[in-house]
Amino acid sequence: MRTESTASPQELEFVEAVAFQFEQQGLLRMAGRAVGWLLICEPEDQSLGEIAGALSVSVGSVSSALRHLVPGGLVERFSRPGERRDRYRLNAQAWFAHAMGQVSRYGEFRRVTERGLRLLAEEPRPRSRRLQEMHDFYEWLEREMPLVWSRWEQEIKGADAR
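Residues numbered from 1 in each chain as written. Predicted model: local features only at pLDDT ≥ 70, side-chain atom pairs only at ≥ 80, totals over all residues. Heavy atoms only, no water.

1. Concerning the side chain of Asp45
Moving on, step 1. Locating Asp45 in the fold gives a position in the loop between helix 2 (29-40) and strand 1 (46-47).
Moving on, step 2. Residue class for Asp45 comes out buried when judged on its relative accessible area of 9%.
Moving on, step 3. Engagement of the side chain of Asp45 in a polar contact is seen with the side chain of Arg87, the distance being 2.4 Å.
Moving on, step 4. Residue contacts for Asp45: discarding those within four places in its chain leaves Glu50, Phe78, Arg80, Arg87, Tyr88 and Arg89. (Helix = DSSP H or I, 4+ residues; strand = E, 2+ residues; numbered from the N terminus. Buried < 20%, exposed > 50% of the residue type's maximum accessible area, 1.4 Å probe, protein only. Polar contact = N/O pair within 3.5 Å; in protein donor to acceptor, adjacent residues only side chain to side chain. Contact = heavy atoms within 4.5 Å.)

Below is the structure:
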């Protein structure tokens with residue numbers, strides 16, 4: 001088990017790569033750092049102080065990042081009996097739950113585009129073409145992605161059975 005309070009340079013490189021991917025998706029870089037660390041840390045659950053120490057950042061910045069991650073279900077906050085501080089770990093179902101949560105967003109985009117298409121119903125077709133393409137794409141995602149995730153779930157169950 002790792003007892004050092006700071007991540008190695010190689011670990012920090014990985015953490016920064018994860019953080020960069022989060023930032024590219026419009027999320028907080030510090031949230032990405034926290035997730036990056038929780039992906040590789042030992043033990044798998046950490047206190048705010050342990051995460052901050054490993055990343056050489058302030059407890060406040062980690063706390064702010066986790067306030068974005070916990071409600072979305074990507075990170076779980078819990079406490080152990082007899083301990084006063086909270087601990088954090090990745091939700092074991094985080095990636096699947098996050099992906100499934102996207103289905104509702106696809107539906108929201110589809111509904112917004114339907115509203116726009118109704119608005120442009122009497123306009124010449126070229127004006128609504130881009131909006132129609134977006135609508136069709138989100139309608140397809142809303143329909144197809146649950147099937148993809150279902151296949152993933154079946155594949156994982158099959159791998160667990162081996």
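2. Here we look at a nonpolar patch on the surface
Moving on, step 1. Together, Phe14, Leu39, Ile40 and Trp95 make up a nonpolar patch on the protein surface, roughly 360 Å² of accessible area in all.
Moving on, step 2. Position of Trp95 relative to the elements: it lies in helix 5 (residues 94-119).
Moving on, step 3. Accessibility expressed as a relative area gives 44% for Trp95, which makes it partly exposed. (Patch = residues over 30% accessible without salt bridge, like charges linked within 9 Å, V, L, I, M, F, W, Y side chains within 5 Å. Areas by Shrake-Rupley, 256 points an atom, 1.4 Å probe, with all protein chains shown as cover. Salt bridge = Lys/Arg side-chain N within 4 Å of Asp/Glu carboxyl O.)

3. Topic: the nonpolar core
Moving on, step 1. Core analysis: the largest hydrophobic core is formed by 24 residues, its most contacted members being Val35, Trp37, Ile51, Leu66, Leu69 and Val75.
Moving on, step 2. Only helix 1 (9-24), helix 2, helix 3 (48-55), helix 4 (59-69) and strand 3 (87-90) provide two or more residues apiece to this core.
Moving on, step 3. Top element by residues in this core is helix 2. It accounts for 6 residues.
Moving on, step 4. Grouped together as the second largest cluster of nonpolar side chains are 7 residues, Ala99, Val103, Tyr138 and Met145 included. (Core = buried A, V, L, I, M, F, W, Y, C linked by side-chain atoms within 4.5 Å.)

4. A look at the layout of surface pockets
Moving on, step 1. Here the largest pocket is characterised by a volume of approximately 550 Å³.
Moving on, step 2. Of all the secondary structure elements, the ones that give two or more residues to the lining of the largest pocket are helix 1, helix 4 and helix 5.
Moving on, step 3. Here the lining of the largest pocket takes 6 residues from helix 5, the largest share from any one element.
Moving on, step 4. Its residues placed into classes, the lining of the largest pocket shows 8 nonpolar, 7 polar and 1 charged. (1 Å grid on protein atoms, 1.4 Å probe; cavity = no way out; pocket = protein on both sides within 12 Å on 5 of 7 lines; lining within 4 Å. Points joined across faces, edges and corners; volume = space filled by probe spheres on them. Nonpolar A, V, L, I, M, F, W, Y, C, P; charged D, E, K, R; others polar.)

5. Digging into the pattern of salt bridges
Moving on, step 1. Following the criterion strictly, the structure yields 15 salt bridges and no others.
Moving on, step 2. Between Arg80 and Glu83 there is a salt bridge; the shortest N-O distance is 3.5 Å.
Moving on, step 3. Here Arg127 makes a salt bridge to Glu123, at a shortest N to O gap of 3.3 Å.

6. Some remarks on the sheet that holds strand 3
Moving on, step 1. The sheet built from 3 strands is open, its strands ordered 1-3-2 with antiparallel pairing. Looking at which strands have only one partner, the edges of the open sheet turn out to be strand 1 and strand 2 (75-78). (Pairing = 2+ DSSP bridges.)

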